[in-house]
Amino acid sequence: MLNRRNGLNKVARVASRRSVAPSSLAAIRCYSSQPDPNDVAILGGGITGLATAHYLSQSNPNRKVTIYESSPRLGGWLHTEKVEIDDGHILFEKGPRTLRPAGNGSLTARLVNQLGLEDETIFTMKTAPAATNRYLYYPDHLVRVPQPDKKLGFMANATALANTFTYEPAFQGILGRLALEPFRPARDSSVTDESVGDFFARRIGRRLVDQVMSAVVHGIYAGDIYQLSMKSLFPSLWRLEEESGSLVTGLLQNMVEGAKVPAKELEFMMAMKQPYPFGKEFRKNFRRSNVFTFRHGIQQLVDTLEASLKKSPNVIFQLNQEVTDIKNTEQNVQLEAKSSTEGSTSKHNHTHVISTLSPDKTSQAASSMNRGFLKLPVCPTPTVMTVNLYYRTPNLHPSGFGYLIPLGIPIDQNPERALGVTFDTAYAAGTPGDEDFVGPMQDTVSKRGTKVTVMLGGHYWDGWSSHPSNDEGLQMAQSIMERHLGVTEKPAAHSVNLNYNCIPQYTVGFEDRVSKFHDELSLRYSGRLRVAGNWVRGVGVNDCIRSAWDVARDLDTSGLTGLEYIVKPKQWLTVKVKKS
Ligand SMILES: C=Cc1c2[nH]c(c1C)Cc1[nH]c(c(CCC(=O)O)c1C)Cc1[nH]c(c(C)c1CCC(=O)O)Cc1[nH]c(c(C)c1C=C)C2
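Residues numbered from 1 in each chain as written. Predicted model: local features only at pLDDT ≥ 70, side-chain atom pairs only at ≥ 80, totals over all residues. Heavy atoms only, no water.

*Asks:* So what's going on with the overall build of the chain? Which residues, and what values?
*Replies:* When helices and strands are counted, the chain shows 21 helices and 22 strands. At 25 Å, the chain has a C-alpha radius of gyration in line with the 25 Å of a compact globule built from 580 residues. Its C-alpha atoms give the chain principal-axis dimensions of about 70 × 60 × 50 Å. Counting the 580 residues in the chain, one finds 55% classified as buried. Here the chain displays about 26,000 Å² of accessible surface, and carbon together with sulfur accounts for 53% of that area. Charged side chains in the chain number 66 positive and 57 negative. The centres of these two groups are separated by 6 Å. (Helix = DSSP H or I, 4+ residues; strand = E, 2+ residues; numbered from the N terminus. Rg over C-alpha atoms; globule rule 2.2 N^0.38 Å. Buried < 20%, exposed > 50% of the residue type's maximum accessible area, 1.4 Å probe, protein only. Areas by Shrake-Rupley, 256 points an atom, 1.4 Å probe, with all protein chains shown as cover. Lys, Arg positive; Asp, Glu negative; His and termini not counted. Charge placed at Lys NZ, Arg CZ, Asp CG, Glu CD.)

*Asks:* So what's going on with the sheet that holds strand β18 (residues 437-438)? Residues and values would help.
*Replies:* Spatially, the three strands line up as an open sheet ordered β9-β5-β18, and their pairing is antiparallel. The strands lining the two open edges of the sheet, one partner per strand, are β9 (289-294) and β18. Summarising the sheet, strand β5 (residues 121-125) and β18 pair through two bridges and their orientation is antiparallel. Following the sheet pairing, Phe123 is matched in β18 by Val438. (Pairing = 2+ DSSP bridges.)

*Asks:* Explain the nonpolar core to me, and be specific about the residues and the numbers.
*Replies:* Phe200, Ile326, Tyr403 and Trp535 are the most contacted members of the largest nonpolar core, which totals 87 residues. At seven residues, helix α9 (residues 206-221) tops the list of elements feeding residues into this core. With 46 residues, the next largest nonpolar core counts Leu107, Ala109, Phe294 and Val541 among its residues. (Core = buried A, V, L, I, M, F, W, Y, C linked by side-chain atoms within 4.5 Å.)

*Asks:* Tell me what's going on with the domain arrangement of the chain, and back it up with residues and numbers.
*Replies:* Here the chain is partitioned into domain 1 (2-75 + 304-379 + 508-572), domain 2 (80-131 + 277-295 + 381-499) and domain 3 (165-268). Taken together, the contact pairs 13 residues of domain 1 with 13 residues of domain 2. Taken over both partners, the interface formed by domain 1 and domain 2 buries close to 1,200 Å², and the fraction arising from carbon and sulfur atoms is 64%. Looking at the side of domain 1 facing domain 2, the largest losses of area belong to Thr304, Val541 and Asn542, adding up to 40% of the total buried there. Our enumeration of links across domain 1 and domain 2 arrives at six residue pairs in polar contact (both at pLDDT 80 or more). Those elements that place two or more of their residues in the side of domain 1 that touches domain 2 are α3 (47-59), α15 (299-310) and α20 (541-553). The greatest single-element share of the side of domain 1 that touches domain 2, amounting to six residues, is contributed by α20. Looking at the side of domain 1 that touches domain 2 residue by residue, the class counts come to six nonpolar, five polar and two charged. (Domains from an automatic or database assignment. Contact = heavy atoms within 4.5 Å. Buried area = accessible area lost by both parts, 1.4 Å probe. Polar contact = N/O pair within 3.5 Å; in protein donor to acceptor, adjacent residues only side chain to side chain. Nonpolar A, V, L, I, M, F, W, Y, C, P; charged D, E, K, R; others polar.)

*Asks:* Which residues make up the site of the ligand, and what values do they have?
*Replies:* The immediate surroundings of the ligand are formed by 18 residues, with Arg100, Arg134, Gly219, Gly402 and Val421 found nearest. A distance of 2.3 Å separates an oxygen atom of the ligand from a polar side-chain atom of Arg100. Here an oxygen atom of the ligand sits 2.9 Å away from a polar atom, N or O, in the side chain of Arg134. In the complex, 80% of the free accessible area of the ligand, which totals 770 Å², lies under the protein chains. When residues of the shell around the ligand are traced back to their parent elements, those giving at least two are α9, β16 (402-404) and β17 (418-423). (Near = heavy atom within 4 Å.)

*Asks:* An account of the packing of aromatic side chains is needed here, citing residue identities and associated values.
*Replies:* For the coordinates displayed, the defined rule picks out 18 aromatic pairs. Residues Tyr137 and Tyr403 carry aromatic rings whose centres are separated by 6.4 Å and whose planes lie at 45° to one another, so their mutual orientation is tilted. With a gap of 266 residues between them, Tyr137 in strand β6 (residues 134-138) and Tyr403 in strand β16 connect regions that are remote in the sequence. One aromatic cluster in this structure is built from Phe123, Tyr276, Phe278, Phe282, Phe286, Phe292 and Phe294. Lying across the ring of Phe401, Arg134 places its NZ or CZ 5.2 Å from the centre. Directly above the aromatic system of Phe317 lies the positively charged group of Lys310, at a separation of 5.2 Å from the ring centroid. (Phe/Tyr/Trp six-rings, centres within 6.5 Å; stacked < 30°, edge-to-face > 60°. Lys NZ or Arg CZ within 6 Å of the ring centre and 35° of its normal.)

*Asks:* Can you explain a nonpolar patch on the surface? Please cite residues and give values.
*Replies:* There is a patch of nonpolar side chains on the surface, built from Leu252, Met255 and Val256 and spanning about 360 Å² of accessible area. Counting through the fold element by element, Val256 comes out in helix α12 (residues 247-257). On the accessibility criterion, Val256 (59% relative accessible area) is exposed. (Patch = residues over 30% accessible without salt bridge, like charges linked within 9 Å, V, L, I, M, F, W, Y side chains within 5 Å. Salt bridge = Lys/Arg side-chain N within 4 Å of Asp/Glu carboxyl O.)

*Asks:* How would you sum up helix α8 (residues 196-203)? Please name residues and give values.
*Replies:* For α8, the buried fraction is high: six of the eight residues fall into the buried class. Burial in α8 covers these residues: Val196, Gly197, Phe199, Phe200, Ala201 and Arg203. Buried positions along α8 lie against α9, α10 (230-233), α11 (235-244) and α12. Gly205 sits one or two residues past α8 and shows a positive phi near 125°.

*Asks:* Outline the environment of Leu136, supporting the account with residue identities and numerical values.
*Replies:* Note that Leu136 resides in strand β6. As for Leu136 and Ile405, which are separated by 269 residues in sequence, their C-alpha atoms are 6.0 Å apart. Not counting residues up to four positions away in its chain, the partners in contact with Leu136 are His141, Leu142, Val143, Val145, Phe171, Gln211, Val212, Ala215, Tyr403 and Leu404.

*Asks:* I'd like to hear about unusual backbone geometry, residue by residue, with values.
*Replies:* That bond from Pro139 to Asp140 is cis: its omega, 0°, falls within 30 degrees of zero. By the secondary structure assignment, Asp140 is in the loop between β6 and β7 (141-144). The backbone phi angle of Ala222 is positive, close to 55°, even though this residue is not glycine. Turning to its location among the elements, Ala222 is positioned in the loop between α9 and α10. Given the relative accessible area of 3%, Ala222 is considered buried. Phi is positive for Asn320, close to 55°, though the residue is something other than glycine.

*Asks:* Tell me about the environment of Asn163, and please be specific about residues and values.
*Replies:* Along the polypeptide, Asn163 turns up in helix α6 (residues 154-167). Residue class for Asn163 comes out partly exposed when judged on its relative accessible area of 37%.

This is the structure in structure tokens:
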């Protein structure tokens with residue numbers, strides 16, 4: 001436990017490291033006696049905020065938890081809409097559509113169990129076309145990305161692979177570049193970070209980056225591969241080059257000796273290996289699945305979390321309340337909240353605050369009263385438009401998950417600034433009896449048609465002062481469907497959604513900027529203000545749940561900010577992966 005004296009010494013140490021002038025140091029009032037975290041405010045009612053409340057209440061049902069959300073609804077980017085048409089409804093996802101069982105997915109599985117959602121889960125199996133077929137757009141056709149298809153034999157898979165690398169211009173020459181990779185010089189030891197694009201262009205060639213990898217980055221971050229940080233997105237590969245001088249050699253070595261993972265990650269993997277009372281069917285399907293979702297869409301996770309939290313008298317929801325100021329006082333943290341409906345402001349005291357807002361919003365509230373909190377830009381968060389379309393005619397696209405459009409496609413051939421298209425019919429609901437799917441149906445229309453989501457914008461819209469209107473978005477999506485897939489039919493249902501600032505970009509230098517943010521938080525709030533969210537552990541829904549789990553579990557440890565996983569030197573351990 002920090003006492004006031006050694007707390008102030010710590011402040012002085014951090015301050016001297018960061019050259020804070022003595023006069024401003026005197027102005028810092030750092031109250032470091034740590035009260036028990038028994039009255040916690042959570043800023044943001046998205047999936048991270050709700051999951052944090054869930055874990056905090058689970059670990060201590062007597063703890064008071066208040067969730068402040070600036071909008072009238074919970075869930076953030078997780079948002080499902082059911083659109084009624086003549087013979088039933090079509091379920092559209094405005095944001096994420098499926099969850100993955102891998103990695104942090106094991107934690108989500110436990111949450112699904114805790115919320116009683118096991119029987120509501122829809123699984124798409126690893127054998128489904130949605131799992132094995134992903135495409136790239138390379139003018140003017142879709143190219144299947146080489147990936148083993150378990151339903152085909154060895155020879156058929158090998159022939160498909162050879163054909164792609166021989167005849168598809170997007171992949172030509174890549175095998176030769178891979179063979180030469182071990183002979184390329186390793187980066188200079190003075191380089192502290194580099195963009196993902198520059199890293200792979202240096203090691204394997206710009207063609208692979210522009211025609212293939214940039215598309216994958218579109219499909220996860222809606223981001224620009226030449227801006228995102230290699231060190232933050234692919235830390236193991238970044239290390240591999242440093243240690244082995246080559247990715248190919250390093251990966252081969254890993255296969256023999258085992259791969260290195262951060263010690264904290266290993267701890268998590270071990271925790272997830274502990275026996276857990278899942279239902280038998282759920283456990284079996286979860287293991288065999290590629291992705292999963294719910295009968296009522298991703299929103300069901302949010303709604304069920306909300307309903308479960310509302311059962312507790314100690315959890316309070318403050319909707320339409322934007323927190324504009326976070327002040328550290330001797331006894332507690334004082335929040336100022338502004339009502340978006342009445343415009344009035346109110347003050348609230350809590351022992352601890354967990355902000356699940358973006359770093360920009362958190363630092364805005366932390367610095368609002370001009371107490372010297374440095375406003376530090378950490379990462380940009382671009383806006384993505386999703387346009388959901390439902391056509392009566394089935395099979396209007398090849399079977400698979402969808403396709404992505406690489407950066408290498410000239411803008412005159414992608415005037416809509418599209419990132420990719422998901423084939424939602426492929427996994428949203430199984431036809432009864434289909435062995436590739438397990439679970440209830442999502443759409444209730446009498447016949448299965450074609451459902452897709454066109455994704456637009458992301459980094460392409462950086463710096464734009466305005467975005468396309470809903471009508472323009474719909475027009476753009478339809479013109480993409482016509483140009484790329486020859487679909488001229490008018491959709492029977494649609495939904496257009498502008499998701500403002502939805503995916504944080506871990507751009508070059510991210511770790512250094514986070515480190516400064518961490519110092520600032522720790523200096524001014526001594527562990528009473530912590531952070532979690534999609535900029536801490538990864539951008540996916542599972543990663544948000546993991547971030548919530550971490551911050552809730554660590555709350556009793558005094559002095560943390562929630563950013564330790566990023567800023568503290570990681571200890572790497574070697575593990576041999578066994579197939580279970
Ligand atoms: C076209 C744009 C996007 C598509 N999905 C997303 C965007 C911006 C968002 C997204 N996709 C993934 C994540 C990570 C979290 C997770 O669910 O695991 C996020 C935030 C997963 C993902 N999607 C694709 C890949 C390669 C991955 C990484 C995990 C994996 O390998 O499965 C590919 C992909 N995304 C989209 C399409 C159309 C597509 C491939 C055809 C849509």
